Amino acid sequence: MLKISKKSISTFAGNIVSFGVKSDAEEIICEISDSSVARLRCLNRGKYLVIPMNPGSAVLTVRAGQETAVCELNIREAKKSDPEGDFNIYVGDLHSHTSYSDGKLTPYDAYLQVREEGFFDFFTISDHASLEDNDEFFDTFEAAEAVETDDFVAFAGCESEIDLVVENRIGEQQNNGGEMVTVNAEGYVNAESWEEFHEAIGNNPLAFGILAHPQILGYSIKSLWNAFDLEYATTPRMLSLIHGVETGHERSECSLVNERVYSTALDCGYRISPVVSSDHHGVLWGKRASKRRTFLYSEGKSKELFLDAIINARTYSCETGNLRLFYKVNGHNPATILPLTDTYEFIITQSLFDETKPEDRTAYCEIVSDYGEIAAYRDVLSGEERFTMKVKSDTARYFYLKLYSETGEMTWSSPVWTGRAFDKYPKEEFSGKAINNDEFRIAYCSGGEGAGNILVPSLDSCYISDKSTAEIVIDMDRAYTINAVGFFSSAPRRADFHSYAVFLSRYEVETSEDGESLVPASKGMMRIYGSEHISEFEERIARFIKVKALSSVGSETRKEEYKNAPVAIGCVRVYGK
């Protein structure tokens, strides 16, 4: 006997819905009368996902043997919040696991537990694609639908592994891929190319991707994981999919580098905002899984409004999980494209959800702009719930807030965009020629161990200073025409998460023909930790190169345990003629 799980589906465009068929017939045929209204994805026998594409009506017809059944489809336009409306703040988690991969119990158990706890407004199951099968992927959608109410939004997702193995410029294999959480997508995959990944997840207009815990160390291949080389991976498909980046990992030192991926994504033109997830693998999902929280801005509570918020970058991540944050720039809400100007007034309003934890109050606030530069900063008085900051800039393309609690824990805000054009992407690969460094030597080192290691072309090789700044002078033995220096990130203990604190952050490069008269060449902040960071400058003749490490990643934080962190410099390459 033919049975179908739904006789009618009324939903909004972009909301993927499960559809089950049971029959003893050898062949089951499912068709939708108008493919412009909705599509079908068959995951296994009798298990389908309906992907609503556009407003309209259609009929899903099922034929099994001599029997026929129909399901009426009525698809409407998804609701959206007014970008300049009055927002509420909602809390939830966009990344967690169950026994369908490497966690405990089932998606239904997890969704139900979080809903009954009554603390989260939204919750996501995102089991690993490498450990999940099509039946389990389908069951996650069914479970999400079963528990969703007007007060609780359940998202179905997965965590894909994308293995992009390349040979880097020093001849070692490196994985520039990583893990990406996808939510509301029609498929899942472990991919070895972006093309394979995109084909598998489909093109649902309201699917979104999250760069999962960027910079967690890789496994089988020596490299940093989840960096994705964003400067070279910016395509229209990527820009339409990736809207979140995880910052504020449970291991706080990871957060120090996570933010680099957030700001790099903004520099590359992504419409992206920060989230923080539990990545929970146990049986205490929801409030008990982690104190860190993702918050989103929406005019109301519903799946379509929450999808609108995430896709339009209206989220913020908070390590304390306790900061209620609103801000406006020149009178506009976060995630707005501002009218073009060179003067920006930030009005920041904040309070604690739980006033019994005064240590979570904001003590310091920074406004971050292009390439991670701090555009303004100020101390925040205890109990100061409303304060103003001003910035003047005729070049900035975006801003976001970074706030520190009294104990140094961080909150990253949604961005605002200034309306100025971004650099043209995808960026062309740097084509400079590396100079053979066999005759190079270290002429000077300000202190520390293994200065000569920066001349060794290996991801395992690094110099470690004795403080958070350092200077090293490279003598190239003769004069060359040069135009760039490349840095590979490295750390003395690659498997130790504390090694993030010693990564190079800000640097300056100077050159000299005679070893005495130094000429500035370039300066900046390390932006690429998954491969080589290239610092280009005007072509010049030089024999000596002075690399100045101005700070380590840890020394820039306001956390006591990291502020004096030494600095590690990996392999340094010189480019030119």
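About the cut-offs
- Residues numbered from 1 in each chain as written.
- Predicted model: local features only at pLDDT ≥ 70, side-chain atom pairs only at ≥ 80, totals over all residues.
- Heavy atoms only, no water.
- Helix = DSSP H or I, 4+ residues; strand = E, 2+ residues; numbered from the N terminus.
- Buried < 20%, exposed > 50% of the residue type's maximum accessible area, 1.4 Å probe, protein only.
- Contact = heavy atoms within 4.5 Å.
- Areas by Shrake-Rupley, 256 points an atom, 1.4 Å probe, with all protein chains shown as cover.
- Salt bridge = Lys/Arg side-chain N within 4 Å of Asp/Glu carboxyl O.
- Expected span 1.5 Å × (residues − 1).
- Polar contact = N/O pair within 3.5 Å; in protein donor to acceptor, adjacent residues only side chain to side chain.
- Pairing = 2+ DSSP bridges.
- Lys, Arg positive; Asp, Glu negative; His and termini not counted.
- Patch = residues over 30% accessible without salt bridge, like charges linked within 9 Å, V, L, I, M, F, W, Y side chains within 5 Å.
- Charge placed at Lys NZ, Arg CZ, Asp CG, Glu CD.
- Axes fitted to C-alpha atoms, helices over the stretch in contact; angles between N-to-C directions.
- Core = buried A, V, L, I, M, F, W, Y, C linked by side-chain atoms within 4.5 Å.
- Right-handed = clockwise from strand over helix to strand, strands pointing away.
- Parallel < 35°, antiparallel > 145°, perpendicular 65-115°, else oblique.
- Left-handed = near helix turned anticlockwise from the far one by under 90°.
- Nonpolar A, V, L, I, M, F, W, Y, C, P; charged D, E, K, R; others polar.
- Phe/Tyr/Trp six-rings, centres within 6.5 Å; stacked < 30°, edge-to-face > 60°.
- Lys NZ or Arg CZ within 6 Å of the ring centre and 35° of its normal.

**Q** Go over the overall build of the chain, please, and point to the residues and values.
**A** Secondary structure assignment for the chain yields 6 helices and 36 strands. Dimensions of the chain, computed from C-alpha atoms along their principal axes, come out at roughly 90 × 55 × 45 Å. A total of 577 residues make up the chain; the buried ones form 61% of that total. The contacts in the chain between residues at least 6 apart in sequence include a share of 73% that link residues at least 24 apart. Accessible surface, the chain as shown: approximately 22800 Å² in total, 47% of it carbon and sulfur.

**Q** Kindly report on the pattern of salt bridges, identifying the contributing residues and their values.
**A** Across all of its chains, the model carries 30 salt bridges by this definition. Its salt-bridge partner being Lys-301, residue Asp-121 comes within 2.8 Å of it at the nearest N-O pair. Here Asp-121, found in the loop between helix H1 (107-117) and strand S10 (122-128), pairs with Lys-301, found in the loop between strand S18 (293-298) and helix H6 (303-311); they are 180 residues apart in sequence, far enough to count as distant. Residue class for Asp-121 comes out buried when judged on its relative accessible area of 12%. The class for Lys-301 is partly exposed, based on a relative accessible area of 27%. With a closest N to O distance of 4.0 Å, Glu-345 and Lys-390 form a salt bridge.

**Q** Now, about helix H2 (residues 134-147): what can you tell me, with residues and values included?
**A** With 14 residues, H2 should cover 20 Å at 1.5 Å per step; its first-to-last C-alpha distance of 21 Å lies within 8% of that length. Those residues of H2 lying buried are Glu-136, Phe-137, Phe-138, Thr-140, Phe-141, Ala-143, Ala-144 and Val-147. If you follow the buried residues of H2, they end up packed against strand S3 (17-22), strand S5 (38-44), strand S6 (47-52), H1, S10 and strand S11 (153-162). At the N-terminal boundary of H2, the capping side chain belongs to Asp-133, with an oxygen 3.1 Å from the backbone nitrogen of Asp-135.

**Q** Please set out the sheet that holds S6 residue by residue, giving values where relevant.
**A** Strand order in the open sheet formed by 4 strands is S1-S3-S6-S5, and the pairing between neighbours is antiparallel. At either end of the open sheet lies a strand with only one pairing partner, and these are strand S1 (3-4) and S5. Pairing analysis gives 4 bridges linking S3 to S6, with the strands arranged antiparallel. What sits directly across from Ser-18, in S6, is Leu-49.

**Q** Break down the pairing of strand S22 (residues 362-368) for me, citing the residues and quoting the values.
**A** For S22, the buried fraction is high: 6 of the 7 residues fall into the buried class. Bridge count between S22 and strand S25 (residues 398-405): 6 bridges; the pairing is antiparallel. Within the sheet, the bridge partner assigned to Val-368 lies in S25 and is Tyr-400. Here 5 bridges tie S22 to strand S23 (residues 374-379), and the two strands are oriented antiparallel to one another. The partner of Tyr-364 across the bridge, within S23, is Asp-379. The loop that links S22 with its antiparallel partner S23 comprises 5 residues; one of these, Tyr-371, has a positive phi angle of about 55°.

**Q** A description of the side chain of Glu-132 should follow, citing residues and the corresponding values.
**A** By the element assignment, Glu-132 lies in the loop between S10 and H2. The buried charged residue Glu-132 lacks any salt bridge partner; its closest oppositely charged side chain belongs to Lys-47, at an N-O distance of 11 Å.

**Q** Any details on a negative patch on the surface? Residues and values, ideally.
**A** A surface patch of negative charge is lined by Asp-82, Glu-84, Asp-86 and Glu-299. Residue classification places Asp-86 among the exposed positions, given a relative accessible area of 71%.

**Q** An account of the sheet that holds strand S24 (residues 386-392) is needed here, citing residue identities and associated values.
**A** Strands sit in the order S20-S21-S24 across an open sheet of 3 strands; the sheet is antiparallel. What marks the edges here is a single partner per strand, and that holds for strand S20 (323-329) and S24. Averaged over all pairs of adjacent strands, the angle between their axes in this sheet comes to 20°, without regard to strand direction. In this structure, S20 lies alongside strand S21 (residues 343-352), joined through 7 bridges in antiparallel fashion. Paired with Arg-324 across the bridge in S21 is Ser-351.

**Q** Outline the nonpolar core, supporting the account with residue identities and numerical values.
**A** Judged by nonpolar contacts, the single largest core of 77 residues is most densely connected at Phe-197, Ile-272, Ile-482, Phe-487 and Ile-545. A per-element tally of this core places strand S31 (residues 470-488) first, with 8 residues. Beyond its immediate stretch of four places on either side in the chain, Ile-272 contacts Leu-211, Ile-242, His-243, Gly-244, Val-245, Tyr-262, Ala-265, Leu-266, Ala-313, Pro-415 and Trp-417. Listed in part, the 52 residues of the second largest apolar core include Ile-51, Phe-295, Ile-367 and Leu-401.

**Q** So what's going on with the pairing of S11? Which residues, and what values?
**A** Burial of S11 is extensive: 10 of the 10 residues sit out of reach of the surface. Side chains of S11 alternate between two faces, with Val-153, Phe-155, Gly-157, Glu-159 and Glu-161 and Ala-154, Ala-156, Cys-158, Ser-160 and Ile-162 buried alike. Note: S10 against S11, 7 bridges, orientation parallel. In the sheet register, His-128 faces S11, and the bridge partner there is Glu-159. Running through H2, the crossover from S10 to the neighbouring parallel element S11 is right-handed. Two elements, S11 and strand S14 (residues 178-183), share 6 bridges in a ladder whose sense is antiparallel. Note that in S14 the partner of Ser-160 across the bridge is Met-180.

**Q** Before we move on, could you go through the packing of H1 against H2 and cite the residues and values that matter?
**A** Helices that pack against each other are described as a pair by the angle of their axes relative to one another and the distance between those axes. Following both chains from N to C, one finds H1 and H2 inclined at 25°, their axes separated by 9 Å at the closest point. Taken together, the axes of H1 and H2 lie roughly parallel to each other. Remark: the crossing between H1 and H2 carries right-handed chirality. Every residue of H2 that contacts H1 at Pro-107, Tyr-108, Tyr-111, Leu-112 and Arg-115 is listed here: Thr-140, Ala-143, Ala-144, Ala-146 and Val-147. Taken together, the residues of the contact of H1 with H2 sort by class into 8 nonpolar, 1 polar and 1 charged.

**Q** Help me get a handle on the packing of aromatic side chains, residues and values and all.
**A** The tally for this structure, following the rule as stated, stands at 23 aromatic pairs. Judged by centre distance (5.6 Å) and plane angle (90°), the ring pair of Phe-346 and Phe-399 falls under edge-to-face. You can see Phe-346 sitting in strand S21 and its partner Phe-399 sitting in strand S25, a full 53 residues away along the chain. The exposure class assigned to Phe-346 is buried, which follows from its relative accessible area of 0%. Here a set of aromatic residues connected by ring pairs shows up, and it is made of Phe-87, Phe-295, Tyr-297, Tyr-316, Phe-326 and Phe-353. The positively charged end of Arg-558 is found above the aromatic ring belonging to Tyr-364, 3.7 Å away from the centroid. One Lys or Arg, Arg-558, reaches over the ring of Tyr-404 and ends 5.8 Å from the middle of that ring.

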